[in-house]
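Read off the chains here:
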Amino acid sequence: MRVVVQNDINRAYGGRGTRGRRAGVHGALAVLALAAVVSGCTQSGSGTAVSPAHGAQPLHAPPARALDSYASKLRAAHAARVAAAKRWGLAKVPLQAPPAPARKPEITARQGFEVDDQEELNLPPVFTTIPTKKKIVFLTIDDGENKDPAFLRMMSDLKIPYTAFLSNYLIKDDYGYFRKMQAQGHTVNNHTLTHPYLPGLDYAEQKREICGMQAIMKKQFGKAPTVFRPPYGNYNHDTLVAAKSCGIKYAPIWDEEVFVDHWEYREDDRELHPGDIVLTHFRGREDWKGTMVDDMRRFLRKVTADGYAVARLEDYL
């Protein structure tokens, strides 16, 4: 635009006297004014609204007080997490998981964990790890025997997600405990009625164990889950066919198991891996040398020290 205007000025002056120069100046000023309008460079206070270029959007900077309020909330949230970690005996604050993926990964049966006609019948896949490159693990807790209120407070304070796999014979004395868990945002899933060794049962018996628990879950917790864990991680073809008939879509087991006093590993490298599913149980001093809080303290110390955050399993299914 500058070159065009300068050329117009030169032509206005070219080969003329004073009158010609005055006329040229007026003409040049008119060109400059037009250029200002075209380029959107109107004087402030002119009252002329200038539309942005095609496709451009006007900038809306939030008020400084809004930014300050947001920063204050972040600081307060972090301070609360620091205080919670200290309160529950953790030297380091557990890492926060990234947001749930907009596109969920494809879940398939782990190699060697398939059954006959796995793909042809579209049977629920058995897997130990979620396919992801993010440094996250998934905490799953089985059966429901121990009902420690301190555990609920700890996980709520620390904002740690987990998935519970429940067996009716162990939870029927206190469904309310697990409804509190559910109300805190944690998921409750199917772990059969009586926790049997499923491959030792015929198809009808397996179906009764799985579908029967589906009915109880729907009655007690509002809906029948689509996720099921076979007791002991044992299953056969009938298990997965029965599970599918009961509305089950996924059958995760685990890659590591944590206890109050040690860890156990499926893989030879004895390491955590991105997307690993970790198992523990609802147990207390009657079974272990510690409480559920002690168990979670061991779990969180290791995953945090190894640079992992705990994510919600259902966000990836």
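Let us look at the structure shown here. (Residues numbered from 1 in each chain as written. Predicted model: local features only at pLDDT ≥ 70, side-chain atom pairs only at ≥ 80, totals over all residues. Heavy atoms only, no water.)

## Description of the overall build of the chain
Point 1. Of the regular secondary structure elements, the chain holds nine helices and nine strands.
Point 2. Here the contacts in the chain between residues at least 6 apart in sequence split such that 71% fall between residues at least 24 apart. (Helix = DSSP H or I, 4+ residues; strand = E, 2+ residues; numbered from the N terminus. Contact = heavy atoms within 4.5 Å.)

## Brief notes about unusual backbone geometry
Point 1. Of note in the backbone geometry, D143 takes a positive phi value of approximately 85° without being a glycine.
Point 2. Inspection of the secondary structure assignment puts D143 in strand β2 (residues 136-143).
Point 3. Look at T192: it is not a glycine, yet its phi comes out positive at around 75°.
Point 4. Its location among the elements puts T192 in the loop between β4 (187-190) and α7 (203-221).
Point 5. Since its relative accessible area comes to 0%, T192 is described here as buried. (Buried < 20%, exposed > 50% of the residue type's maximum accessible area, 1.4 Å probe, protein only.)

## Notes on the packing of helix α6 (residues 175-183) against α7
Point 1. Running from N to C, α6 and α7 cross one another at 70°; their axes reach a closest spacing of 10 Å. Classified by the interaxial angle, the pair formed by α6 and α7 is roughly perpendicular. Residue-level contacts link Y175, F178, R179 and Q182 of α6 to I216, Q220 and F221 of α7.
Point 2. Partitioned by chemical class, the residues of the contact of α6 with α7 number four nonpolar, two polar and one charged. (Axes fitted to C-alpha atoms, helices over the stretch in contact; angles between N-to-C directions. Parallel < 35°, antiparallel > 145°, perpendicular 65-115°, else oblique. Nonpolar A, V, L, I, M, F, W, Y, C, P; charged D, E, K, R; others polar.)

## Focus on the pattern of salt bridges
Point 1. In this structure the tally under the stated criterion is 12 salt bridges.
Point 2. E267 is the partner of R110 in a salt bridge, and the nearest nitrogen-oxygen pair spans 2.9 Å. On the criterion of sequence distance, the pair formed by R110 in the loop between α3 (64-87) and β1 (126-127) and E267 in the loop between β7 (263-265) and β8 (277-281) is long-range, its members being 157 residues apart.
Point 3. A salt bridge links D173 to K147; the shortest N-O distance between them is 3.3 Å. Residue D173 is located in the loop between α5 (168-171) and α6, and its partner K147 is located in the loop between β2 and α4 (149-158); the two are separated by 26 residues in the primary sequence.
Point 4. Under the relative-accessibility criterion, D173 is labelled exposed at 61%.
Point 5. One continuous salt-bridge network, built from bridges that share partners, spans D143, E145, R283 and D287. (Salt bridge = Lys/Arg side-chain N within 4 Å of Asp/Glu carboxyl O.)

## With respect to the pairing of β2
Point 1. Most of β2 sits out of view: eight of its eight residues are buried.
Point 2. By the bridge criterion, three bridges tie β2 to strand β9 (residues 309-311) in an arrangement that is parallel. Across the sheet, residue I136 finds its bridge partner in β9, namely A309.
Point 3. As paired strands, β2 and β8 are joined by five bridges and run parallel to one another. Paired with D142 across the bridge in β8 is H281.
Point 4. Sheet topology places β2 next to strand β3 (residues 163-166); four bridges connect them, and they run parallel. Following the sheet pairing, T140 is matched in β3 by T163.
Point 5. Handedness of the crossover is the feature at issue here: the chain leaves β2, passes through α4, returns alongside β3, and the resulting connection is right-handed. (Pairing = 2+ DSSP bridges. Right-handed = clockwise from strand over helix to strand, strands pointing away.)

## Comments concerning the pairing of β3
Point 1. In β3, alternate side chains face the same way, and those of T163 and F165 on one face and A164 and L166 on the other are all buried.
Point 2. Direction of pairing for β3 relative to β4: parallel, over a ladder of four bridges. Bridge pairing in β4 links T163 to T187.

## Considering the packing of α7 against helix α8 (residues 237-245)
Point 1. Packing of α7 against α8 brings their axes to within 9 Å, and their N-to-C directions diverge by 45°. Here α7 is positioned oblique relative to α8, judged by the angle of their axes. Remark: the crossing between α7 and α8 carries right-handed chirality. Mapping the contact onto sequence places Y203, Q206, K207, I210 and C211 in α7 and D238, T239, V241, A242, A243 and S245 in α8. (Left-handed = near helix turned anticlockwise from the far one by under 90°.)

## Quick word on a negative patch on the surface
Point 1. Among the surface-exposed residues, E114, D116, D117, E119 and E120 lie close enough to one another that they form a single negatively charged patch.
Point 2. Position of D117 relative to the elements: it lies in the loop between α3 and β1.
Point 3. Given the relative accessible area of 41%, D117 is considered partly exposed. (Patch = residues over 30% accessible without salt bridge, like charges linked within 9 Å, V, L, I, M, F, W, Y side chains within 5 Å. Areas by Shrake-Rupley, 256 points an atom, 1.4 Å probe, with all protein chains shown as cover. Lys, Arg positive; Asp, Glu negative; His and termini not counted. Charge placed at Lys NZ, Arg CZ, Asp CG, Glu CD.)

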